[in-house]
Amino acid sequence: MTTLLVGTAVQAGKKRAWDQAPRWQIHLPLALYLLFTLVPFYWILLFALRPAGSTSLVPWPVTFEHFAKVWTERSFATYFQNSVLIGIVTLVLTTLVALAGGYALARFDFRAKQGFMLALLCSQFVPGALLLVPLFQIFAELRMINSLGSVILAETVFQLPLSMILISGFIKNVPYALEEAAWVDGCGRMRAFRVVVLPLLRPGLVAVGSFAFVHAWNHFLFALMFLSNQEKQTIPVGLNTLMGADSVDLGALAAGGVIAAVPVVIVFAYIQKWLITGFSAGAVKG
């Protein structure tokens with residue numbers, strides 16, 4: 001009994017010592033990490049906002065000439081519209097198809113289910129570059145080259161395996177008894193899913209959809225290979241056009257980078273609470 005009390009006191013003393021640790025031991029590493037993260041962003045903003053030819057470390061006087069240049073002269077307004085369209089349609093298609101496939105994987109038992117899941121996992125080890133030749137041949141046969149639809153389909157196919165696995169995990173965390181209770185009350189399977197299960201999947205759907213959108217927004221390879229018309233290009237390809245063989249317009253390149261980054265930052269800032277809830281739900285074993 002005495003040994004137990006001593007051990008408990010020692011553990012309590014250690015806990016109090018940890019709780020009373022100097023704040024600088026926590027704040028200093030966090031501050032260093034924040035500095036390491038924010039300095040590149042500040043450097044981009046510096047080049048984007050200071051006048052051309054300036055070497056000042058402070059963007060003053062502030063100028064928006066680089067943004068005006070890339071938005072009008074470099075056709076970034078068109079690139080932005082194309083990227084938004086590709087990102088939103090990819091988000092919708094990926095979420096809908098992954099929702100149907102994830103429900104089937106979570107609620108139904110069928111032959112080769114484990115093999116199918118293994119194939120989905122193994123597909124994540126295949127680089128997107130290896131898919132370029134077969135996808136290009138398929139889209140050429142379908143006459144979809146130089147069409148935004150080719151990029152949308154390629155991005156959706158590339159995102160589906162991981163999205164299906166994630167959504168099936170979210171659905172498994174929803175008690176099956178809730179659907180059975182809805183069936184007893186007279187709901188069909190589709191209505192029970194729409195009324196009972198779907199509202200509980202909102203955090204998971206936001207997590208899957210947001211990553212599908214961000215990947216489609218940032219992806220460079222598919223847009224470069226399947227889109228040859230300048231009016232169909234996307235933001236990443238537009239940034240590549242700002243780098244010449246002999247010189248690079250750093251101000252225009254930085255302004256284009258800010259234009260490419262701001263929508264993604266806004267999206268994640270708005271949906272961060274849903275992402276945290278969704279990942280927490282997916283981490284709990286149902």
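Below you will find a few notes about this structure. (Residues numbered from 1 in each chain as written. Predicted model: local features only at pLDDT ≥ 70, side-chain atom pairs only at ≥ 80, totals over all residues. Heavy atoms only, no water.)

### Structural notes on the overall build of the protein
Next, step 1: Across its full length, the protein carries 13 helices and zero strands.
Next, step 2: Tracing the protein from N to C terminus, the helices and strands come up as α-α-α-α-α-α-α-α-α-α-α-α-α.
Next, step 3: Burial statistics for the protein: of 286 residues in total, 34% are counted as buried.
Next, step 4: Across the protein, contacts joining residues at least 24 apart in sequence account for 72% of those joining residues at least 6 apart. (Helix = DSSP H or I, 4+ residues; strand = E, 2+ residues; numbered from the N terminus. Buried < 20%, exposed > 50% of the residue type's maximum accessible area, 1.4 Å probe, protein only. Contact = heavy atoms within 4.5 Å.)

### Considerations on the nonpolar core
Next, step 1: Ala48, Phe67, Val70, Phe76, Trp217, Ile235 and Leu239 are the most contacted members of the largest nonpolar core, which totals 20 residues.
Next, step 2: Element by element, the count of residues in this core is highest for helix 13 (residues 250–283), at seven residues.
Next, step 3: Within the second largest apolar cluster, 19 residues are counted, among which are Leu105, Phe193, Leu201 and Leu205. (Core = buried A, V, L, I, M, F, W, Y, C linked by side-chain atoms within 4.5 Å.)

### Some words on the packing of aromatic side chains
Next, step 1: In this structure the tally under the stated criterion is 13 aromatic pairs.
Next, step 2: Taking 5.5 Å as the distance between ring centres and 85° as the angle between the ring planes, the aromatic pair formed by Phe80 and Trp217 counts as edge-to-face. Residue Phe80 is found in helix 4 (residues 76–107), and its partner Trp217 is found in helix 10 (residues 202–218); the two are separated by 137 residues along the sequence.
Next, step 3: Judged by relative accessible area, which is 1%, Trp217 ranks as buried.
Next, step 4: When the centroid spacing of 5.0 Å and the interplanar angle of 75° are considered together, the rings of Tyr103 and Phe193 count as edge-to-face. Separated by 90 residues along the polypeptide, Tyr103 in helix 4 and Phe193 in helix 9 (residues 189–200) bring together distant segments of the chain.
Next, step 5: Using a relative accessible area of 12% as the deciding quantity, one classes Phe193 as buried.
Next, step 6: Three or more aromatic residues joined by ring pairs form one cluster here, namely Phe136, Phe139, Phe158, Phe222 and Phe226.
Next, step 7: Between the NZ or CZ atom of Arg50 and the centre of the ring of Phe47, over which it lies, the distance is 4.5 Å. (Phe/Tyr/Trp six-rings, centres within 6.5 Å; stacked < 30°, edge-to-face > 60°. Lys NZ or Arg CZ within 6 Å of the ring centre and 35° of its normal.)

### Examining the pattern of salt bridges
Next, step 1: A complete count under the given rule lists two salt bridges for this structure.
Next, step 2: Of the charged contacts, one joins Arg107 and Glu179 as a salt bridge, the two residues approaching to 2.6 Å between their closest N and O atoms. Of this pair, Arg107 sits in helix 4 while Glu179 sits in helix 8 (residues 176–184); the two residues are 72 residues apart in sequence, bridging distant segments of the chain.
Next, step 3: Since its relative accessible area comes to 15%, Arg107 is described here as buried.
Next, step 4: Residue classification places Glu179 among the buried positions, given a relative accessible area of 0%.
Next, step 5: A salt bridge links Asp109 to Lys113, with the shortest nitrogen-to-oxygen separation between them at 3.5 Å. (Salt bridge = Lys/Arg side-chain N within 4 Å of Asp/Glu carboxyl O.)

### Observations concerning helix 6 (residues 132–141)
Next, step 1: Taken as a whole, helix 6 has its buried residues at Leu132, Leu135 and Phe139. What you see down the axis of helix 6 is that its buried residues fit within an arc of 70°, all on one side. Among the exposed residues of helix 6, those pointing more than 90 degrees away from its buried face are Val133, Gln137 and Glu141.
Next, step 2: Immediately downstream of helix 6, the backbone of Arg143 shows phi near 55°, a positive value. (Arc of directions from axis to C-beta.)

### Topic: the packing of helix 7 (residues 148–172) against helix 10
Next, step 1: Relative to each other, helix 7 and helix 10 sit at 165°, their axes nearing to 10 Å. For the element pair helix 7 / helix 10, the angle class is roughly antiparallel. Seen along the crossing, helix 7 lies across helix 10 with a hand that is right-handed. Contacts between helix 7 and helix 10 involve Glu155, Phe158, Gln159, Ser163, Leu166, Ile167 and Phe170 from the former and Gly204, Leu205, Val208, Phe211, Ala212, His215 and Ala216 from the latter.
Next, step 2: Its residues placed into classes, the contact of helix 7 with helix 10 shows nine nonpolar, four polar and one charged. (Axes fitted to C-alpha atoms, helices over the stretch in contact; angles between N-to-C directions. Parallel < 35°, antiparallel > 145°, perpendicular 65-115°, else oblique. Left-handed = near helix turned anticlockwise from the far one by under 90°. Nonpolar A, V, L, I, M, F, W, Y, C, P; charged D, E, K, R; others polar.)

### Some remarks on unusual backbone geometry
Next, step 1: Unlike most non-glycine residues, Ala112 shows phi in positive territory, near 60°.
Next, step 2: The phi angle at Arg143 is positive, at roughly 55°, despite the residue not being glycine.
Next, step 3: As for its position among the elements, Arg143 is in the loop between helix 6 and helix 7.
Next, step 4: Classification of Arg143 by relative accessible area gives exposed; the value is 79%.

### Concerning the layout of surface pockets
Picture a little ball the size of a water molecule; that probe, rolled over the atoms, points out where space is still empty.
Next, step 1: By volume, the largest pocket is sized at about 360 Å³.
Next, step 2: Among the secondary structure elements, those contributing two or more residues to the lining of the largest pocket are helix 7 and helix 10.
Next, step 3: Ranked by residues supplied to the lining of the largest pocket, first place goes to helix 7 with seven residues.
Next, step 4: When the residues that make up the lining of the largest pocket are grouped by side-chain class, the tally is 13 nonpolar, five polar and no charged. (1 Å grid on protein atoms, 1.4 Å probe; cavity = no way out; pocket = protein on both sides within 12 Å on 5 of 7 lines; lining within 4 Å. Points joined across faces, edges and corners; volume = space filled by probe spheres on them.)

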